[in-house]
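One-letter residues, chain by chain:
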Amino acid sequence: MEKFYVLITGASKGFGRAMALEFAKLKMNLVLIALPDSGLKELSVFLKKNFNVEVFYLEKDLSITESYYSIAEFISSNNINLKYLVNNAGILSRGYFDDLSDQFILKQIKVNVTAPTLLISLLLKNLKTNAPAGILNISSMAGFFALPKKQVYCGTKSYLTSFSKSLGKELKKDNISVTTICPGGLNTTSRLCYQNRIVGWLTRESVLNPEDAAKIAINAMLTKQRITVPGFVNKCLMVLDKLLPEFIKDYLTNRELNKFPATQ
Ligand SMILES: NC(=O)c1ccc[n+]([C@@H]2O[C@H](COP(=O)([O-])OP(=O)(O)OC[C@H]3O[C@@H](n4cnc5c(N)ncnc54)[C@H](OP(=O)(O)O)[C@@H]3O)[C@@H](O)[C@H]2O)c1
């Protein structure tokens, strides 16, 4: 019997790691990608031992174009049948545009935009061979909004959401679903866990644990949903965004964002 795999980028920690664990629980074989020395080897051993699944791992920097080609080459030379592709790796940031270095801006665009786009392009033939198949792109609620100090991040996530929606229409004929997940706050890094505690009540209520969001994301992909905003409060915030006048939204977002120090 043929074996099928799920490829997850940014699988070493945070949301990607939570999804790797969730897929392993569902007995799906995995290909995990993250930067070198990020604990992928240990995670692979853990998943193989505890869930009896096959796991490959690849240490690649997704801000380097060559990495996309070497990942595709690895998949092809190991005869890996991809059923699902999860583009999760992403670089978050907070800071005035003036203060962002050109190297940082380029890196963020490469990881958040170029990597998912090129990986889909290079792995599409493989996914088509194994259809019905699915692509899960991890975008963000930030992609719907105009947020000061998050301008490049918001732009990259708007791209990913829009690209995914258009691509999904195109790939329907090939029996490949494209699902976009747009989380609000997730308690992933220790910095985010701290920030998510000092925000206002409503934002605090909207934050999800990566484990809960992972279940929602995978279910959305397996049920071929096109776009999902995880969590009840986040869904309400999306409705509020349509109803509130611009000046109130500006006041509220500035109040929240000014609570945090800049990070790059
Ligand atoms: N956390 C949130 O509040 C939130 C909200 C909405 C959307 N999201 C989205 O969810 C996704 C995951 O976020 P997260 O909070 O889990 O982030 P995270 O904890 O910082 O994890 C990011 C993952 O991406 C990998 N990565 C980063 N740069 C890379 C590069 N150049 N090459 C290869 N891998 C790289 C990291 O690998 P290393 O371990 O090797 O660094 C890590 O596995 C992102 O796309 C993010 O935009 C997050």
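Provided above is the structure to which this section pertains.
What you are looking at is a predicted structure, and each value in this text was computed from that prediction instead of being measured.

K.L.:
Explain the overall build of the protein here, please?
P.N.:
Of the regular secondary structure elements, the protein holds 10 helices and 7 strands. Its C-alpha atoms give the protein a radius of gyration of 18 Å, near enough to 18 Å, the size a compact globule of 264 residues would have. Dimensions of the protein, computed from the C-alpha atoms along their principal axes, are close to 60 × 35 × 35 Å. A distance of 5 Å separates the average location of the 33 positive side-chain charges in the protein from that of its 21 negative side-chain charges.

K.L.:
When you look at the site of the ligand in this model, what are you seeing that I'm missing?
P.N.:
Neighbouring residues of the ligand: 31 residues in total, closest S12, L62, N88, Y153 and T188. D61 places a side-chain nitrogen or oxygen 2.8 Å from a nitrogen atom of the ligand. Measuring from an oxygen atom of the ligand, one finds a side-chain N or O atom of Y153 at 2.6 Å. For the ligand, whose accessible area on its own is 890 Å², the fraction buried by protein is 92%. Mapped onto the shell around the ligand, the elements with two or more residues apiece are α1 (14-25) and α5 (151-171). Each residue belonging to the shell around the ligand can be placed in one class, and the counts come to 14 nonpolar, 13 polar and 4 charged.

K.L.:
Hey, could you run me through the sheet that holds strand β4 (residues 81-87) in this one?
P.N.:
Backbone hydrogen bonds hold the strands of a sheet together, and the pairing may be parallel or antiparallel. With respect to topology, 7 strands assemble into an open sheet ordered β3-β2-β1-β4-β5-β6-β7, the strand pairing being parallel. The sheet is open, and its two edges are formed by β3 (55-59) and β7 (227-228), each paired on a single side. For strand β1 (residues 4-9) and β4, the ladder comprises 5 bridges, and the chain directions are parallel. Paired with L7 across the strands is L85, a residue of β4. On top of the sheet, α5 reaches β5 (133-138), β6 (176-181) and β7; it is set at about 160° to β6, its chief contact.

K.L.:
Help me understand the side chain of S67, please; the structure alone is not making it clear to me.
P.N.:
Tracing the backbone shows S67 in helix α3 (residues 65-77). Sequence-distant contacts of S67, defined by excluding residues within four places in its chain, comprise K60, D61 and L62.

K.L.:
Help me understand the pattern of salt bridges, please; the structure alone is not making it clear to me.
P.N.:
Oppositely charged side chains are able to pair whenever their charged atoms sit close together. Using the criterion set out here, one finds 6 salt bridges in the structure. In this structure, D174 and K173 form a salt bridge, with 3.1 Å as the shortest nitrogen-oxygen distance. Exposure remark for K173: the relative accessible area of 68% places this residue in the exposed category. Through salt bridges with shared partners, a single network forms among K128, K173 and D174.

Procedures and definitions
- Residues numbered from 1 in each chain as written.
- Predicted model: local features only at pLDDT ≥ 70, side-chain atom pairs only at ≥ 80, totals over all residues.
- Heavy atoms only, no water.
- Helix = DSSP H or I, 4+ residues; strand = E, 2+ residues; numbered from the N terminus.
- Rg over C-alpha atoms; globule rule 2.2 N^0.38 Å.
- Lys, Arg positive; Asp, Glu negative; His and termini not counted.
- Charge placed at Lys NZ, Arg CZ, Asp CG, Glu CD.
- Near = heavy atom within 4 Å.
- Polar contact = N/O pair within 3.5 Å; in protein donor to acceptor, adjacent residues only side chain to side chain.
- Areas by Shrake-Rupley, 256 points an atom, 1.4 Å probe, with all protein chains shown as cover.
- Nonpolar A, V, L, I, M, F, W, Y, C, P; charged D, E, K, R; others polar.
- Pairing = 2+ DSSP bridges.
- Contact = heavy atoms within 4.5 Å.
- Axes fitted to C-alpha atoms, helices over the stretch in contact; angles between N-to-C directions.
- Salt bridge = Lys/Arg side-chain N within 4 Å of Asp/Glu carboxyl O.
- Buried < 20%, exposed > 50% of the residue type's maximum accessible area, 1.4 Å probe, protein only.

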